[in-house]
Structure formats: structure tokens, C-alpha cells
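# Notes for the structure review
Chain by chain, the residues run as shown.
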Amino acid sequence: MAKTYYDPADLRKFGSITEWNEELGNKFFDYYGKVFEEGTLTAREKSLIALAVAHTEQCPYCIDAYTKDGLQRGITKEEMMEAVHVGAAIKGGATLVHGVQMMNKVNKLEM
């Protein structure tokens, strides 16, 4: 197996971030847990959102975690891929809309 920069085993170590700053680590995990509780959005919907964001952020740990979580929640591979495309479209659009800033700057400098 090829060695990569990201070690999949590190995902299981995520909880250890509290070791070097227990207070802030615990506050993060309290918040994280609260966010993923059932609310206006279902846990299934939140998992699908998390999967799309994981791809736009390009976090291999999150991609692994929310792919597994999604499958356990009955999300289909087709739904997952559609969510990834939604994330890609938003990321691409956000990149392109910043082109307006560049266009404005060029127009200002050409005056």
C-alpha cells in the first residue's frame, strides 16, 4: 500500500486534541456534538451537508467519516455524488464570482 501524507488511522485519534488544551478541545466537541443533534435538519441531512463540505474543504478524514456515516444513515451513493456536485458548483461559483473583483480592479487601473 502506498504511503500518503494523511494517515487514515489519525481519524481515530481526533479525540486526543483535548490533551494539549482540554478546555478548548472539550468546548469544540460539545459544540460539534450539539451541531449534529437532530434539530430542524435531520441527522441524515446534516451528514449529507457535511459530506459535501468535506469535499469542498478537501479533508480526507472528513470524507472518510461522512461517507461511512452517510451509508449508515441510508444515504445512497447517487445522493452522495449529487451532494458532491452541489459543493463543487458552489465552490466553482464562489471562485468565479471573485473574478468580478479582478475585473473591477483592472477597470480602475486602466482609467
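Residues numbered from 1 in each chain as written. Predicted model: local features only at pLDDT ≥ 70, side-chain atom pairs only at ≥ 80, totals over all residues. Heavy atoms only, no water.

The next point concerns the packing of aromatic side chains. Summed over the entire model, instances satisfying the criterion amount to eight aromatic pairs. Ring centres of F28 and F29 lie 5.3 Å apart, and the angle between their planes is 70°; on these two criteria the pair is classed as edge-to-face. On the basis of an interplanar angle of 40° and a centroid distance of 5.0 Å, the ring pair of Y32 and F36 is categorised as tilted. Overall, Y32 belongs to the partly exposed group, its relative accessible area being 28%. You can call F36 partly exposed: its relative accessible area is 27%. (Phe/Tyr/Trp six-rings, centres within 6.5 Å; stacked < 30°, edge-to-face > 60°. Buried < 20%, exposed > 50% of the residue type's maximum accessible area, 1.4 Å probe, protein only.)

A cluster of nonpolar side chains, contributed by L11, F14, I17, F28, Y31 and V35, occupies part of the molecular surface with about 510 Å² of accessible area. Relative to the helices and strands, V35 is located in helix 1 (residues 22–35). You can call V35 partly exposed: its relative accessible area is 34%. (Patch = residues over 30% accessible without salt bridge, like charges linked within 9 Å, V, L, I, M, F, W, Y side chains within 5 Å. Areas by Shrake-Rupley, 256 points an atom, 1.4 Å probe, with all protein chains shown as cover. Salt bridge = Lys/Arg side-chain N within 4 Å of Asp/Glu carboxyl O. Helix = DSSP H or I, 4+ residues; strand = E, 2+ residues; numbered from the N terminus.)

Between helix 4 (residues 77–97) and helix 5 (residues 99–110), the shortest axis-to-axis distance is 4 Å and the interhelical angle comes to 5°. Taken together, the axes of helix 4 and helix 5 lie roughly parallel to each other. Across the interface between the two elements, T95, L96 and V97 from helix 4 touch G99, V100 and Q101 from helix 5. Its residues placed into classes, the contact of helix 4 with helix 5 shows three nonpolar, three polar and no charged. (Axes fitted to C-alpha atoms, helices over the stretch in contact; angles between N-to-C directions. Parallel < 35°, antiparallel > 145°, perpendicular 65-115°, else oblique. Contact = heavy atoms within 4.5 Å. Nonpolar A, V, L, I, M, F, W, Y, C, P; charged D, E, K, R; others polar.)

The next point concerns unusual backbone geometry. Even without being glycine, Q58 reaches a positive phi, approximately 55°. Among the secondary structure elements, Q58 is positioned in the loop between helix 2 (43–57) and helix 3 (60–72). Judged by relative accessible area, which is 62%, Q58 ranks as exposed.

A separate point is the side chain of T56. Looking at the element boundaries, T56 is found in helix 2. Residue classification places T56 among the buried positions, given a relative accessible area of 19%. A distance of 3.0 Å separates a polar atom in the side chain of T56 from the backbone oxygen of V53. Contacts of T56, omitting those with residues within four sequence positions, involve G87, A88 and K91. (Polar contact = N/O pair within 3.5 Å; in protein donor to acceptor, adjacent residues only side chain to side chain.)

Judged by nonpolar contacts, L48, A50, L51, A52, Y66, I75, M80 and A83 together constitute the single largest core of eight residues. Every element with two or more residues in this core is listed here: helix 2 and helix 4. (Core = buried A, V, L, I, M, F, W, Y, C linked by side-chain atoms within 4.5 Å.)

Two elements in contact, helix 2 and helix 3, have axes separated by 9 Å at closest approach and are oriented at 155°. With respect to their mutual orientation, helix 2 and helix 3 come out roughly antiparallel. Crossing handedness for the pair helix 2 and helix 3: left-handed. Residues S47, A50, L51, A54 and H55 of helix 2 lie in contact with helix 3, whose contacting residues are C62, I63, Y66, T67, D69 and G70. Residues that form the contact of helix 2 with helix 3 fall into these classes: six nonpolar, four polar and one charged. (Left-handed = near helix turned anticlockwise from the far one by under 90°.)

Limitation: the analysis is restricted to geometry and does not speak to function.
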